[in-house]
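# Fold and contact review
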Amino acid sequence: MAYQLYRNTTLGNSLQESLDELIQTQQITPQLALQVLLQFDKAINTALANRVRNRVNFRGSLNTYRFCDNVWTFVLNDVEFREVTDLVKVDKVKIVACDGKSESTQNKSDKW
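In this report, the structure presented in the accompanying data block is examined.

Analysis parameters
Residues numbered from 1 in each chain as written. Predicted model: local features only at pLDDT ≥ 70, side-chain atom pairs only at ≥ 80, totals over all residues. Heavy atoms only, no water. Phe/Tyr/Trp six-rings, centres within 6.5 Å; stacked < 30°, edge-to-face > 60°. Buried < 20%, exposed > 50% of the residue type's maximum accessible area, 1.4 Å probe, protein only. Axes fitted to C-alpha atoms, helices over the stretch in contact; angles between N-to-C directions. Helix = DSSP H or I, 4+ residues; strand = E, 2+ residues; numbered from the N terminus. Parallel < 35°, antiparallel > 145°, perpendicular 65-115°, else oblique. Left-handed = near helix turned anticlockwise from the far one by under 90°. Contact = heavy atoms within 4.5 Å.

One pass over the full model with this rule turns up four aromatic pairs. Aromatic pair Tyr-65 and Trp-72: ring centres 6.4 Å apart, planes at 40°, arrangement tilted. Look at Trp-72 and Phe-74: their rings are 5.5 Å apart centre to centre, the planes differ by 10°, and that puts the pair in the stacked class. For Trp-72, a relative accessible area of 36% gives the class partly exposed. Here Phe-74 falls in the partly exposed class, since its relative accessible area comes to 27%. Put simply, the rings of Tyr-65, Phe-67, Trp-72 and Phe-74 pair up and form one aromatic cluster.

Next up, the structure:
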């Protein structure tokens, strides 16, 4: 099962709003909308894992951290994000980090 983190992005929200409108006008069923969202979850997770190669360095002060259900959550204060020539400063950022390995990859490595 793919993580549903990206449903709360601009793209994910737009998709959900469009699906809701299609459901309201009875052009699709709620079950079909759910299938579309599940496919979106799989596709966005796969695309980010395989196509994104950019790296960004960041530094800040750790405010809080949590590890629950195999998910790390960090809250940082006074954070600087650096990419080759760009620098972005923010007061506060929340980072949610999940295991990027697929279940089939994890199951294969567990057997060895």
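Next, the rest of the story.
Each packed pair of helices is defined by two parameters, the angle between the axes and the distance between the axes. The N-to-C vectors of helix α1 (residues 10–24) and helix α2 (residues 30–51) enclose an angle of 165°; their axes lie 10 Å apart at closest approach. One finds that α1 runs roughly antiparallel with respect to α2. Both α1 and α2 take part in a crossing whose hand is right-handed. The residues of α2 that touch α1, namely those facing Leu-11, Gly-12, Leu-15, Gln-16, Leu-19 and Ile-23, are Pro-30, Ala-33, Val-36, Leu-37, Phe-40 and Ile-44.

By themselves these figures say nothing about function.
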